[in-house]
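One letter stands for each residue in the lines below.
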Amino acid sequence: MRKNGFNCPPHPTQLLTYLIYFGDLVTFYSINMVSLSHKPALSIILSTVYIFLAIGTCYYGYVSTKVNPTDPTLELEARCKKANITFDSRNYEYHCQICDSHVLVGSKHCGQCNRCTSGFDHHCRYLNNCIGEQNYDYFFKLIIWVFWMCLMHNITNGFVIFHLYKENQSYISNHIQYYKRELTFEFQICLIVMCVLNLLALMFLANLITFHIELKYKGLTTYEFLKLKENITKESKIVVKVN
């Protein structure tokens, strides 16, 4: 049973997410801020805002991944069985056949995590964790913070790429001062690659944020929405109604 997204093995998409996050940090400060170092006021403002967004993204990403969204009934019933105490199941309508435990209404068994998640919304490969009622708010805040971080990065990237393309001597001089050589072509390639990755992320995040705002308005989870969309009316054979 997976307790949270930091349990091994990590998902490849999760590792790719970490790589892009740190790649953004490295390119922003080692290329963009170095290129703009002849404008100290602008550099300080951009550096401060960006690190603020990066810290917020890291915090909400960590909490969303670290939180254990498992239905608390599983642990409660397991403790009762271990202590040879009769578990009072009168208040529970559903039972998971795989977890062999009663569960709350709205819980769903996740095959990837091998546990029931209370208030199940979806399984997130990027966090390697289920998103449920215990970490949904953190997840929603995370995607908003990531959106603003990617947007700021791409705007700054575009500004720097434009001036490097124009062979702005102030930018080139900054590179020579910090790296002892001209790196215009290499930096342009790095920034273009990060621009493409961030643009894809922005398109995905804009759609995801809009989708979850719509879900909040309708009072649905992602799982409930998909069931309605696919017109699935039959009860689950894993989490079955017993009361």
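What you see is a predicted model, and the numbers here were worked out from it, not measured in a lab.

Trainee: Can you help me understand the overall build of the chain in this one?
Mentor: Across its full length, the chain carries seven helices and seven strands. In terms of C-alpha radius of gyration, the chain reaches 23 Å, well past the compact-globule figure of 18 Å for 243 residues. Principal axes of the C-alpha set define a box for the chain whose edges measure 75 × 40 × 30 Å. Out of the 243 residues belonging to the chain, those deemed buried represent 44%.

Trainee: Where do I start with the pattern of salt bridges in this structure?
Mentor: Pairing of side chains with opposite charge becomes possible as their charged atoms draw close. Scanning the entire structure with this criterion turns up five salt bridges. A salt bridge links Asp100 to Lys81, with the nearest nitrogen and oxygen atoms 3.6 Å apart. Residue Asp100 is located in the loop between β1 (94-96) and β2 (101-103), and its partner Lys81 is located in helix α3 (residues 72-82); the two are separated by 19 residues in the primary sequence. Residue Arg181 pairs with Glu186 through a salt bridge whose shortest N-O separation is 3.4 Å. Classification of Arg181 by relative accessible area gives partly exposed; the value is 47%.

Trainee: Hey, could you run me through the packing of helix α1 (residues 12-35) against helix α2 (residues 40-66) in this one?
Mentor: Two quantities define a packed helix pair, namely the angle between the axes and the distance from one axis to the other. Packing of α1 against α2 brings their axes to within 11 Å, and their N-to-C directions diverge by 170 degrees. The angle between α1 and α2 places the two elements in the roughly antiparallel class. Here α1 contributes Gln14, Tyr21, Asp24, Leu25, Phe28, Tyr29 and Met33 to the contact with α2, which in turn contributes Ser43, Leu46, Ser47, Tyr50, Ile51, Ala54, Thr57, Cys58 and Thr65. For the contact of α1 with α2, the per-class residue count stands at ten nonpolar, five polar and one charged.

Trainee: Whenever I open this one, the packing of aromatic side chains confuses me. Can you help?
Mentor: Two numbers describe a pair of aromatic rings. These are the distance of the centres and the angle of the planes. Applying the stated criterion to the full structure yields 16 aromatic pairs. Centre to centre, the rings of Phe211 and Phe225 are 5.2 Å apart; their planes meet at 75 degrees, and the pair counts as edge-to-face. Here the residue Phe211 occupies a position in helix α6 (residues 184-218), and Phe225 occupies one in helix α7 (residues 222-229), the gap between them amounting to 14 residues. Taken together, the aromatic side chains of Phe52, Tyr59, Tyr60, Tyr138 and Trp145 make up a single cluster linked through ring pairs. Stacked on the ring of Phe120, the Lys or Arg Lys108 has its end atom at 4.8 Å from the ring centre. Sitting above the plane of the Phe140 ring, Lys216 keeps its charged end 4.8 Å from the centroid.

Trainee: Help me understand the sheet that holds β2, please; the structure alone is not making it clear to me.
Mentor: Adjacent strands of a sheet pair through backbone hydrogen bonds, lying either parallel or antiparallel. With respect to topology, three strands assemble into an open sheet ordered β2-β1-β7, the strand pairing being antiparallel. This sheet does not close on itself; its edge strands, each paired only once, are β2 and β7 (239-241). Along the sheet, successive strands turn relative to each other by an average axial angle of 40 degrees, direction set aside.

Trainee: Can you walk me through the state of the cysteines in this structure?
Mentor: In a disulfide, the sulfur atoms of two cysteines are covalently bonded to one another. Taken as a whole, this structure holds zero disulfides when the rule is applied. Cys80 takes part in no disulfide bond, and the closest cysteine sulfur, belonging to Cys99, lies 16 Å away. The thiol sulfur of Cys150 is not disulfide-bonded, and the nearest other cysteine sulfur, from Cys195, lies at 11 Å. Using a relative accessible area of 6% as the deciding quantity, one classes Cys150 as buried.

Trainee: Looking at this structure, how should I read the packing of α2 against helix α4 (residues 136-165)?
Mentor: Contact geometry for α2 and α4: axes closest at 8 Å, N-to-C directions at 150 degrees. The angle between α2 and α4 places the two elements in the roughly antiparallel class. Pair α2 / α4 crosses with left-handed handedness. Here the contact of α2 with α4 is composed, by residue class, of 17 nonpolar, six polar and one charged.

Trainee: When you look at a nonpolar patch on the surface in this model, what are you seeing that I'm missing?
Mentor: Where nonpolar side chains cluster on the molecular surface, the patch consists of Phe6, Leu15, Tyr18, Phe22 and Tyr62 and spans about 500 Å² of accessible area. Broken down by element, the residue count for the nonpolar patch peaks at three residues, all from α1. Relative to the helices and strands, Phe22 is located in helix α1.

Trainee: What exactly am I supposed to notice about unusual backbone geometry here?
Mentor: Look at the link from Cys8 to Pro9: it is a cis peptide, with omega at 0 degrees. Inspection of the secondary structure assignment puts Pro9 in the segment before α1. One non-glycine residue, Asn128, lies in the positive phi region at around 60 degrees. By the secondary structure assignment, Asn128 is in the loop between β5 (122-124) and β6 (129-131). In the Ramachandran plot, Lys180 falls in the positive-phi region, its phi being about 65 degrees despite a non-glycine side chain. Checked against the element boundaries, Lys180 lands in the loop between α5 (169-179) and α6.

Procedures and definitions
Residues numbered from 1 in each chain as written. Predicted model: local features only at pLDDT ≥ 70, side-chain atom pairs only at ≥ 80, totals over all residues. Heavy atoms only, no water. Helix = DSSP H or I, 4+ residues; strand = E, 2+ residues; numbered from the N terminus. Rg over C-alpha atoms; globule rule 2.2 N^0.38 Å. Buried < 20%, exposed > 50% of the residue type's maximum accessible area, 1.4 Å probe, protein only. Salt bridge = Lys/Arg side-chain N within 4 Å of Asp/Glu carboxyl O. Axes fitted to C-alpha atoms, helices over the stretch in contact; angles between N-to-C directions. Parallel < 35°, antiparallel > 145°, perpendicular 65-115°, else oblique. Contact = heavy atoms within 4.5 Å. Nonpolar A, V, L, I, M, F, W, Y, C, P; charged D, E, K, R; others polar. Phe/Tyr/Trp six-rings, centres within 6.5 Å; stacked < 30°, edge-to-face > 60°. Lys NZ or Arg CZ within 6 Å of the ring centre and 35° of its normal. Pairing = 2+ DSSP bridges. Disulfide = S-S within 2.5 Å. Left-handed = near helix turned anticlockwise from the far one by under 90°. Patch = residues over 30% accessible without salt bridge, like charges linked within 9 Å, V, L, I, M, F, W, Y side chains within 5 Å. Areas by Shrake-Rupley, 256 points an atom, 1.4 Å probe, with all protein chains shown as cover.

Taken by themselves, the reported measurements are silent on function.
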